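The residues making up each chain are set out below.
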Protein chains: 2
Amino acid sequence: MAVREGLLALLHEGPRYGYQLKTEFEAATGGVWPLNVGQVYTTLDRLERDGLVEVRGVEGETAPSQKTYAITVDGVAALGEWWEAVPSDDPPPRDELMLKVLMAIERGDDHALRVITHQRTVLLTLLQARRKERRAAGDESLAARLVTDALVARAEADLRWLDTCEEHLQRRPASATSAPTTASSTSTRKASR
Amino acid sequence: MAVREGLLALLHEGPRYGYQLKTEFEAATGGVWPLNVGQVYTTLDRLERDGLVEVRGVEGETAPSQKTYAITVDGVAALGEWWEAVPSDDPPPRDELMLKVLMAIERGDDHALRVITHQRTVLLTLLQARRKERRAAGDESLAARLVTDALVARAEADLRWLDTCEEHLQRRPASATSAPTTASSTSTRKASR
DNA sequence: CATACCATGTAAGCGGTTACATGATTTT
DNA sequence: AAAATCATGTAACCGCTTACATGGTATG
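Residues numbered from 1 in each chain as written. Chains lettered and ligands numbered in written order. Predicted model: local features only at pLDDT ≥ 70, side-chain atom pairs only at ≥ 80, totals over all residues. Heavy atoms only, no water.

*Asks:* I tried to follow the overall build of chain A on my own but got confused; where do I start?
*Replies:* Helix and strand counts for chain A stand at eight helices and three strands. Going from the N terminus to the C terminus, chain A shows its helices and strands as α-β-α-α-β-β-α-α-α-α-α. Contacts in chain A between residues far apart in sequence, at least 24 positions, make up 57% of those at least 6 positions apart. Carbon and sulfur atoms make up 53% of the accessible area of chain A, which amounts to about 9,700 Å² in all. (Helix = DSSP H or I, 4+ residues; strand = E, 2+ residues; numbered from the N terminus. Contact = heavy atoms within 4.5 Å. Areas by Shrake-Rupley, 256 points an atom, 1.4 Å probe, with all protein chains shown as cover.)

*Asks:* For this particular structure, what's the right way to read the relation of the copies chain A and chain B?
*Replies:* Note on the chain copies: they are related by a rotation about an axis and a translation along it. Mapping chain A onto chain B calls for a rotation angle of 180° and an axial translation of 0.0 Å; the resulting RMSD is 0.0 Å. Within this description, the copies of the chain are treated as partners about a two-fold rotation axis. Looking at chain A, 97% of its interface residues are interface residues in chain B too, so the copies touch through the same face. (Least-squares fit on C-alpha atoms with pLDDT ≥ 70 in both.)

*Asks:* Sorry, what's going on with the pattern of salt bridges here?
*Replies:* Residues and elements named next belong to chain A. For the structure shown, the criterion picks out 28 salt bridges over all chains. Of the charged contacts in the structure, one is a salt bridge between R145 and D149, with a shortest N-O distance of 3.5 Å. A residue pair is termed a helical-turn pair when its members lie 3 or 4 positions apart in one helix, as R145 and D149 do in helix α7 (residues 142-171) at four residues. Judged by relative accessible area, D149 falls into the buried class, the value being 7%. For the salt bridge of E167 with R171, the shortest nitrogen-to-oxygen distance reads 3.8 Å. Highlighted residues: E167 and R171, both in helix α7, separated by four residues, approximately one helical turn. Residue R171 is classed as exposed on the basis of its relative accessible area of 68%. Connected through salt bridges with shared partners, the residues R4, E5, R49 and D50 form a single ionic network. (Salt bridge = Lys/Arg side-chain N within 4 Å of Asp/Glu carboxyl O. Buried < 20%, exposed > 50% of the residue type's maximum accessible area, 1.4 Å probe, protein only.)

*Asks:* For this particular structure, what's the right way to read the interface of chain A and chain B?
*Replies:* Note on interface size: it is often stated as the accessible area lost on association of the parts. Taken together, the contact between chain A and chain B spans 77 residues of the former and 76 residues of the latter. Linking chain A to chain B there are four salt bridges. The shortest N-O distance in the salt bridge between B:D158 and A:R154 comes to 3.0 Å. Across the chain A-chain B interface, the total number found is 20 residue pairs in polar contact (both at pLDDT 80 or more). (Polar contact = N/O pair within 3.5 Å; in protein donor to acceptor, adjacent residues only side chain to side chain.)

*Asks:* Before we go on, may I ask you to explain the environment of A:Q20 in this structure?
*Replies:* Within the secondary structure, A:Q20 is located in helix α2 (residues 18-28). Once the C-alpha coordinates of A:Q20 and A:E48 are considered, the two residues, 28 residues apart in sequence, prove to be 17 Å apart.

*Asks:* Help me understand the protein's contact with DNA strand C in this model?
*Replies:* In the region of DNA strand C, 20 residues are neighbours, and A:N36, A:Q39, B:Y19, B:Y41 and B:R94 sit closest. Contact between DNA strand C and B:Y41: a phosphate oxygen at 2.6 Å from a side-chain N or O atom of the residue. Secondary-structure elements contributing two or more residues to the surface near DNA strand C are α1 (3-11) and α3 (37-49) of chain A together with α2 (18-28) and α3 (37-49) of chain B. Looking at the surface near DNA strand C, its residues break down into nine nonpolar, five polar and six charged. (Near = heavy atom within 4 Å. Nonpolar A, V, L, I, M, F, W, Y, C, P; charged D, E, K, R; others polar.)

*Asks:* What am I meant to see in the confidence of the model for chain A here?
*Replies:* Overall, the predicted model of chain A reaches an average pLDDT of 85, with 85% of residues at or above 70. Counted against residues more than four places away or in other chains, residues 176-193 of chain A, with its pLDDT under 50, gives 18 contacts. (pLDDT = per-residue confidence, 0-100.)

*Asks:* Mind showing me how you'd approach the domain arrangement of chain A here?
*Replies:* Residues and elements named next belong to chain A. Segmenting chain A into domains produces domain 1 (3-84) and domain 2 (96-180). On a C-alpha basis, the centres of domain 1 and domain 2 stand 36 Å from each other. With four residues of domain 1 in contact, the opposing surface of domain 2 contributes four residues. A buried area of about 280 Å², summed over both sides, lies between domain 1 and domain 2, and 80% of it is on carbon and sulfur atoms. If you sort the residues of domain 1 by the area they bury against domain 2, G30, V32 and W33 come out on top, with a joint share of 75%. There are zero residue pairs in polar contact (both at pLDDT 80 or more) connecting domain 1 and domain 2. Here the side of domain 1 that touches domain 2 is built from residues that sort into two nonpolar, two polar and no charged. (Domains from an automatic or database assignment. Buried area = accessible area lost by both parts, 1.4 Å probe.)

*Asks:* How should the packing of α1(A) against helix α4 (residues 73-84) of chain A be read in this particular structure?
*Replies:* When two helices pack together, you describe them by how their axes are tilted relative to each other and by the distance separating the axes. Residue and element names in this part refer to chain A. Where α1 contacts α4, the axes come no closer than 10 Å and their chain directions differ by 115°. You can see that α1 and α4 cross each other, and the crossing is left-handed. Facing α1, whose interface residues are E5, L8 and A9, α4 presents G75, A78, L79, W82 and W83. Split by residue class, the contact of α1 with α4 holds six nonpolar, one polar and one charged. (Axes fitted to C-alpha atoms, helices over the stretch in contact; angles between N-to-C directions. Left-handed = near helix turned anticlockwise from the far one by under 90°.)

What follows is the structure, encoded as structure tokens:
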């Protein structure tokens, strides 16, 4: 649910054809998010099927035929909802870093601490690289600048979270290897059979 | 690439069967990320196909047959890489909030500012709700606590980023409607034909 | 006895990625 | 003449979600 609405937003400014949407999408995101052309066409097919978009006409009877699409009233309505919608909650999207730490805890606190410190060092170097590139990207497009800003902010948040994870693990009563209460819930059942 | 490695991590602690993996996965994530049982089986099929997992045996000749899976040496290796890997860069994952703001900018600075302020207010109330739930979740599992901590940190980062977006838009020379330089790159070509 | 839970799976669909095919036009 | 770009599409696969089908077991 990201490319779909992105294309819809571009079509809201006027009729476009597939290839044009690809280039404009990439331009709007500062070249940070390349978009495969094929996906534009399949996405346009789905949008047309759902009635959010319609074929306006085909210009150029020769080979590069430029099949033009336009947004419909339903499409405008769907787009309007998208602007106001806030990225989903309940359930929160599965995040790889969180999952990694949680699974590491399941394996054992010592292992979790090792994973956390390792992730922190890698993330820190990556953050510094991004900060450097942000300083150098003064002449870049606004879009590219904003994206790097967002990535920096996210990385900082992740680093802070890793710190709190470490504190939580160090403060809690030593349950050396694994969480005993949760693990037994499934294994006891098997033993009682 | 999240459920797959999660199951692999659980299997590293010992042989498990499908349904067991579902319950343990949900327990490890503090019940925050429910996992459809069907996906466990399809994922196990793919893991077996890739040689990261193998069927250890089927216990119980009666109906609930409990088909047990175990991790292989290749599986252990793949898991080892996962612990050290840092969530991907280049290209950074498409994020809905970022895309939304970038597309709003494409439509016009005034529209972008409206979207930003709206997103900020919604995010702020959502953040306060999560802070409240975090304070109340003292007796919850460590996993659930860490997840809410992470979500709070992310929300704070997003809010800060929205602020910087607003500053960037307000400071830059008034290009009222849309970005003229980027938009012309594709439209001029069509006009020149 | 009915309901909930345990345990296995299949089928259909979604959005996304990669790769390939076709042909014209423009640039080198 | 060769290569890059424009422009359309198709095919196969991935991980994921939802829903359904099939039974046995335990609990109310």
